[in-house]
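# Analysis of the macromolecular model
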Amino acid sequence: MNRAELIKAFEMKADGYPYKRIGRRLGYEASTVAKALKEVLGQDYKLLERCRYINLRLRMRQLNWTIKDLAAECDYTYFYTMSLLNGNAKMTDKAKGRIARRLGSSVDALFAPEQETVGRG
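First, a word on what this report is: a plain description of the structure on this page. (Residues numbered from 1 in each chain as written. Predicted model: local features only at pLDDT ≥ 70, side-chain atom pairs only at ≥ 80, totals over all residues. Heavy atoms only, no water.)

Let us look at the overall build of the chain. Scanning the chain from N- to C-terminus turns up 9 helices and 0 strands. Each helix (α) and strand (β) of the chain, taken in turn from the N terminus, gives the series α-α-α-α-α-α-α-α-α. Taking as baseline every contact in the chain between residues at least 6 positions apart, the subset at least 24 positions apart corresponds to 51%. A total of about 7,400 Å² of accessible surface is found on the chain, and carbon and sulfur atoms cover 49% of it. (Helix = DSSP H or I, 4+ residues; strand = E, 2+ residues; numbered from the N terminus. Contact = heavy atoms within 4.5 Å. Areas by Shrake-Rupley, 256 points an atom, 1.4 Å probe, with all protein chains shown as cover.)

This structure, assessed with the given rule, holds 3 aromatic pairs. Considering the side-chain rings of Tyr53 and Phe111, the 5.0 Å spacing of their centres and the 75 degrees angle between planes classify their relative orientation as edge-to-face. One end of the pair, Tyr53, is in the loop between α4 (43-48) and α5 (54-63); the other, Phe111, is in the segment after α9 (107-110), and 58 residues separate them in sequence. Of the residues examined, Phe111 reaches a relative accessible area of 6% and is grouped as buried. (Phe/Tyr/Trp six-rings, centres within 6.5 Å; stacked < 30°, edge-to-face > 60°. Buried < 20%, exposed > 50% of the residue type's maximum accessible area, 1.4 Å probe, protein only.)

Helix packing for two helices is described by the angle between their axes and how far apart those axes are. At a minimum axis distance of 10 Å, the contact between helix α1 (residues 3-14) and helix α2 (residues 19-26) shows a crossing angle of 145 degrees. Regarding α1 and α2, the two cross each other, and that crossing is right-handed. Across the interface between the two elements, Glu5, Lys8, Ala9, Met12 and Lys13 from α1 touch Tyr19, Arg21, Ile22, Arg25 and Leu26 from α2. Split by residue class, the contact of α1 with α2 holds 5 nonpolar, no polar and 5 charged. (Axes fitted to C-alpha atoms, helices over the stretch in contact; angles between N-to-C directions. Left-handed = near helix turned anticlockwise from the far one by under 90°. Nonpolar A, V, L, I, M, F, W, Y, C, P; charged D, E, K, R; others polar.)

Quick look at helix α7 (residues 78-86) now. Every α-helix carries 3.6 residues per turn, so stepping three or four residues along brings you back to the same face. Among the residues of α7, those classed as buried are Thr81, Met82, Leu84 and Leu85. Viewed along the axis of α7, the buried residues span an arc of 160 degrees, placing them on a single side of the element. Once α7 ends, the next one or two residues include Gly87, with phi positive near 90 degrees. (Arc of directions from axis to C-beta.)

For the rest of this paragraph, the subject is the side chain of Thr81. Turning to its location among the elements, Thr81 is positioned in helix α7. Setting aside its immediate chain neighbours within four residues, Thr81 contacts Ile67, Leu70, Ala71 and Tyr76.

The subject of this paragraph is a positive patch on the surface. Taken together, the side chains of Lys20, Arg21, Arg24 and Arg25 define a basic patch exposed on the protein surface. As for its position among the elements, Lys20 is in helix α2. (Patch = residues over 30% accessible without salt bridge, like charges linked within 9 Å, V, L, I, M, F, W, Y side chains within 5 Å. Salt bridge = Lys/Arg side-chain N within 4 Å of Asp/Glu carboxyl O. Lys, Arg positive; Asp, Glu negative; His and termini not counted. Charge placed at Lys NZ, Arg CZ, Asp CG, Glu CD.)

Buried together is how nonpolar side chains tend to be arranged in soluble globular proteins. Of all hydrophobic cores here, the largest spans 20 residues; its most connected members are Leu56, Leu70, Ile99 and Leu103. Element by element, the count of residues in this core is highest for helix α8 (residues 93-103), at 4 residues. One finds Ala9, Met12, Tyr19 and Val33 within the second-largest nonpolar core, a separate group that totals 8 residues. (Core = buried A, V, L, I, M, F, W, Y, C linked by side-chain atoms within 4.5 Å.)

Here's what the structure looks like:
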């Protein structure tokens, strides 16, 4: 994929289009689009997959936020944010509230106990 196609694919993904539809529009297979965007987004995309809170992970994808974006918005370090998301640091009520406000959602919606996964999500 060339630069213009990558930009268009990124814009479409930000608008919520699935890889299959983006691929059809640009003339590529869905897997090609997914791989190209993941390479552009880098390691952060893979690390977000380890987030133990399914709804939080989904909300961040909707907003096209990376872990770096969330860390900056919450005034946390990148590594502390990673630790919170993957369960290595205690997710306090204060942290949950701060994250929920920054993502424009409620604590209950993002951190529902039944939506929590163990390990890789």
